[in-house]
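Secondary and tertiary structure notes
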Amino acid sequence: MSRALADVVVCEPVRTAVGRRHGALAPLAAADLAAAAISGLVDRTGLSATDVDDVILGQCYPNGEAPAIGRVAALDAGLDIRTPGIQIDRRCGSGLQAVLNAAMQVAVGASEVVIAGGAESMSNSEFYSLGLRGGVRGDRVEFVDRIARGRVTSGGRDHPIPGGMLETAENLRAEYSISRAEQDELAAESQRRAVAAQDGRVFDEEIVPVRVPRGGGDDVVVVDTDEHPRRGVTAASLAALRPVRSRLDPDATVTAGNASGENDGAAVCVVTTRDRAESLGLRAYVRPLGWSVTGVHPAWMGIGPVSATAGLLGDLGLRLADFDLIELNEAFAAQVLACLREWEGGFGFTAADRERLNVHGSGISLGHPVGATGTRILTTMARELARRQGRLALETMCLGGGQGLAAAFERVP
């Protein structure tokens, strides 16, 4: 780790609640959610409109309604007109990558105070049509779902994934001989942990309330609770669900119950130096020790955390056993189990270590607002590390198109 990076800290991570697709947050666009998260962060910290040097936000499904969403959200949140902003896309890892990019900017002295995070409104991701600028030919126009199309094209021209991310999960299921029962058990445990965290009010301190318009008047509803967790889910109840690709593959096992959701939400934090955090009265939760990004075959997208984690551990001279908390985002139960097969085979990970893994649930239970998830995970993880007075935490994710991202953080005492 460079001396400059050692001085970088992540402060005051917060998030909105995660909404179901077409749920309570659906009236708000991604930029609205991002602005609400930034406003909540500013209210909590007392940051002034002129304190922020840049806003870096991840988003996977942008459009022309909020170009360079970091800039749009900065303006909508009332930051100074001179505050710049940017949008980045590393698929499901976009929110985490935004924080890491901010850390690099601060480390090299390009910025001193950066708000970083991510936002996504999968409820409002649109259908679109190409070629209309040249005029309509024929008697019909084809529209494409932006979310579904991005899952197919993320492997580029030479590595298309016709079945999208579901196909990649089934590929891993077949390769690693992962049973439907294992997947449903993992999914049920994820739901149990998320509901237990809700009941224990674990998420209260990290969620900033969002005011959502209701109806056509001035009525608003305040949303401050995650919508995606399902109370009372069991492996037996999940077993009744039909696999999504069963008509194409009689051995298919991935269902709506053992896969992540399509969700709405935003999460942000402040990335700055230790001295600047102290002068602004910000609480520093963690500092980044390092990170690794790797590529894998797009058809095996979900195995990306294995190579990314291996690279990171090698760089830092650490083992999985050194981490007090491990977050492996649940895109699909099959994908998580494939990664665990590799960890158990070559990383010394044991069944007992699962108690440190996704301790409050993950994408299957809490949802997956893709551009925001990396920062949502970091928010929950950093605050839990503080509660436990632990030292090290690992966040690792698989990314559409065949990538893996892993980052290690150390608690700031």
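A brief look at the structure comes next. Just so we're clear, the structure is a prediction, and the values are computed from it rather than from any experiment.

1. Brief notes about helix α11 (residues 333-346)
In this model, α11 (14 residues) spans 20 Å end to end at C-alpha, consistent with the 20 Å of a helix rising 1.5 Å per residue. As for α11, its buried residues are in contact with α6 (164-175), α7 (180-199), α10 (304-316), β12 (325-328), α12 (363-366) and β13 (392-399).

2. Section: the packing of aromatic side chains
Considering all chains together, one arrives at three aromatic pairs under this definition. Judged by centre distance (6.4 Å) and plane angle (45°), the ring pair of Trp343 and Phe347 falls under tilted. Three or more aromatic residues link up through ring pairs in this structure, and these residues are Trp343, Phe347 and Phe349. Just above the ring of Phe203 sits the side chain of Arg15; from NZ or CZ to the centre is 5.1 Å. A cation sits over an aromatic face here: Arg283 above Tyr285, 4.3 Å from the ring centre.

3. Quick word on the environment of Arg140
On the secondary structure map, Arg140 appears in the loop between β6 (127-128) and β7 (144-145). A distance of 3.3 Å separates a polar atom in the side chain of Arg140 from a polar atom in the side chain of Asp139.

4. Focus on the pairing of β13
In terms of residue burial, β13 counts as a mostly covered element, since eight of its eight residues are buried. On β13, burial covers both faces: Leu392, Leu394, Thr396 and Cys398 on one face and Ala393, Glu395, Met397 and Leu399 on the other are all buried. In terms of strand pairing, β13 meets strand β14 (residues 403-411) through eight bridges, oriented antiparallel. Residue pairing across strands places Leu399 opposite Gln403, the latter belonging to β14. What sits between β13 and β14 in their antiparallel hairpin is a turn of three residues, with Gly401 showing a positive phi close to 90°.

Quick notes on the rules
- Residues numbered from 1 in each chain as written.
- Predicted model: local features only at pLDDT ≥ 70, side-chain atom pairs only at ≥ 80, totals over all residues.
- Heavy atoms only, no water.
- Helix = DSSP H or I, 4+ residues; strand = E, 2+ residues; numbered from the N terminus.
- Expected span 1.5 Å × (residues − 1).
- Contact = heavy atoms within 4.5 Å.
- Phe/Tyr/Trp six-rings, centres within 6.5 Å; stacked < 30°, edge-to-face > 60°.
- Lys NZ or Arg CZ within 6 Å of the ring centre and 35° of its normal.
- Polar contact = N/O pair within 3.5 Å; in protein donor to acceptor, adjacent residues only side chain to side chain.
- Buried < 20%, exposed > 50% of the residue type's maximum accessible area, 1.4 Å probe, protein only.
- Pairing = 2+ DSSP bridges.

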